[in-house]
Amino acid sequence: MRNMKPFVGPKRVKPLVFMACLLPLLFGIWAGFTDQLGANPIEEITHRTGDWTLRLLLITLSATPLRLLLGWRWPLRVRRMLGLYTFFYACLHLLTYFVLDQFFDGDEIVNDIIKRPYITIGFSAFVLMVPLAVTSTNAMMRRLGKRWGQLHQLVYVIAVFGILHYLWLVKADYLLPLIHAAILLALLLVRVWYQRQGLPAHRPASQTS
Amino acid sequence: MLIKRPDDIQASEITDEKIYHQRRAFLQAGSRTALAVAAGAAFPGLMFPGEATAQITALQFKKNPRFSTDEEANSLKDITRYNNFYEFGTDKKDPAKYAHTLKTDPWNVRVEGEVKKPADYQLEDLIKESQLEERIYRLRCVEAWSMVIPWVGIPLSTLIKRFKPTSKAKYVEFTTLYDPKQMPGQKRGVLDWPYVEGLRMDEAMHPLTLLAVGLYGKVLPNQNGAPIRLVVPWKYGFKNIKSIVKIRFTETMPKTTWHLSGPQEYGFYANVNPHVDHPRWSQSRERRIGEFFKRKTQMFNGYEEQVASLYSGMDLKRNY
């Protein structure tokens, strides 16, 4: 298993992943133009962009476990792109809320962020993503050196906040948020397990690309 | 089923000729109906199930403009494909996908508790003595979306008077069918099944309170709570219990399903109130399905003039 060859050549991984990550957006636009977003399209767009933010976040966080468990290296080479796509869908999610749902109603938005715990934590997760997106360039990695890795540990906080955001907004059916929580827990446990074995769980992306 | 003597039949019950021919056509139509005719032939004079079914399908009704809003109604498509009915799944698209497994014919409603004549009623016996009315009501969901829906039904008060509750009856409790085979959503313990809702007696007797059997002039689609559901337009949507099999009159306040699920979030009264927020979201505005901009939520969903007196002197922040 550990020596399994990647199913696509190294050169094609990046463009393929790039295209794949665009698919949810393209499907969404298609659904919009063909009237398939249902009776409440704004809610549907909010849910779709939120779902894909969380899914891509979990996929991003699976790069390291895949290397540790299966020896795959190609996920690490697309990890930055996956992280940026996560941020991209989070931006769409937030824009949907600001523009389509609230239509720039400042008072209402501020009230929501202060008073509604699920919005408070979701918005915090977004704010924490901004420095990670800004420092995602090679130049920034070089400039920050060791501190880059420390800063990017924030992704674990963001992931926990994202799942709490999901968990706190549902009315009674916790199944899907709990499945997401279980996946996150599993991904974190793999890291902890390997760290205890004395293997480096984190390594800067620059060494692997 | 009650067999009527001719002198019992009121003028309002005599079938209009046009409807009579529609019924004949309907009877000749489906195999289910053919079966009903066969059953009717096997027990001549005892029952006429085809007749009863046809009457409900044809849905003769009178428009009731006095109790109707003149706002534009939502489309049948939106009303039937976007709603909550957790018995068929927790996604609002689920009821339309999965409610076909519900069998609504025959359907019995048990009336019990503090009532002079507890009994099992066949649905058609409950309905046939009353004039069906169309009422176009606003519906405001606790999730901050709303619709305008043309229901067909009878005022609950008409039936309650017929059931003759005793002086001890202070509340009415309604129960939805429990049958995970027909309602696959009940296989998961998302809520404490069966679904239970309740009203205070004066709320139940209020002229706006409707038992709906139809939508847009036709029999209620399964996903909208067929064959019989409650509609209380000044309360949040979850009070409008669907597919009712039991009506129980009680002295004490019924323990209602959403209240049990989240006592801090869903109260017994659940009156639409823009000034009392749900702990997790604002109730001050709502999105009318089909509109882009949110609109302000009205006190008692716009039925304040008719119902505010029911709650005079009550602290609505505490009795949410």
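Before reading further, recall that the structure is shown in the block above.
Residues numbered from 1 in each chain as written. Chains lettered and ligands numbered in written order. Predicted model: local features only at pLDDT ≥ 70, side-chain atom pairs only at ≥ 80, totals over all residues. Heavy atoms only, no water.

Overview of unusual backbone geometry
Following B:Asp105, the chain continues into B:Pro106 via a peptide bond in cis, with omega recorded as 5 degrees. Take B:Pro106: it is sitting in the loop between helix H5 (94-98) and strand E2 (108-113). Here the amide bond leading from B:Trp193 into B:Pro194 is cis, since omega sits at -5 degrees, within 30 degrees of zero. Located in the positive-phi region is A:Phe103, a residue other than glycine, with phi close to 45 degrees. Note that A:Phe103 resides in the loop between helix H5 (79-101) and helix H6 (106-115). Among the residues examined, A:Phe103 registers a relative accessible area of 39% and is labelled partly exposed. (Helix = DSSP H or I, 4+ residues; strand = E, 2+ residues; numbered from the N terminus. Buried < 20%, exposed > 50% of the residue type's maximum accessible area, 1.4 Å probe, protein only.)

Some remarks on the interface of chain A and chain B
Many structure descriptions define interface size as the accessible area lost when the parts assemble. Residue-level contacts link 23 residues of chain A with 31 residues of chain B. Interface area, chain A with chain B, both sides summed: about 2100 Å², of which 44% is carbon and sulfur. Taken together, chain A and chain B are joined by eleven salt bridges. The salt bridge involving A:Asp173 is made with B:Arg188; its shortest N-O contact spans 2.5 Å. Between the two partners, chain A and chain B, sit 14 residue pairs in polar contact (both at pLDDT 80 or more). Of all the secondary-structure elements, those providing two or more residues to the side of chain A that touches chain B are helix H2 (41-60), H5, H6 and helix H10 (154-169) of chain A. For the side of chain A that touches chain B, the per-class residue count stands at eleven nonpolar, two polar and ten charged. (Contact = heavy atoms within 4.5 Å. Buried area = accessible area lost by both parts, 1.4 Å probe. Salt bridge = Lys/Arg side-chain N within 4 Å of Asp/Glu carboxyl O. Polar contact = N/O pair within 3.5 Å; in protein donor to acceptor, adjacent residues only side chain to side chain. Nonpolar A, V, L, I, M, F, W, Y, C, P; charged D, E, K, R; others polar.)

Some points on the pairing of strand E8 (residues 210-215) of chain B
Residue and element names in this part refer to chain B. The element E8 is largely enclosed, with a buried count of six among its six residues. As paired strands, strand E5 (residues 145-155) and E8 are joined by five bridges and run antiparallel to one another. Residue pairing in the sheet places Gly 153 in a bridge with Ala 212 of E8. Sheet analysis places E8 next to strand E10 (residues 229-231), joined by three bridges and oriented antiparallel. Looking at E10, one finds that Leu 210 is bridged to Val 231. Where E8 folds back on strand E9 (residues 218-219), the antiparallel hairpin that results is connected by two residues, among which Tyr 216 adopts a positive phi of roughly 50 degrees. (Pairing = 2+ DSSP bridges.)

Geometric values such as these leave the question of function open.
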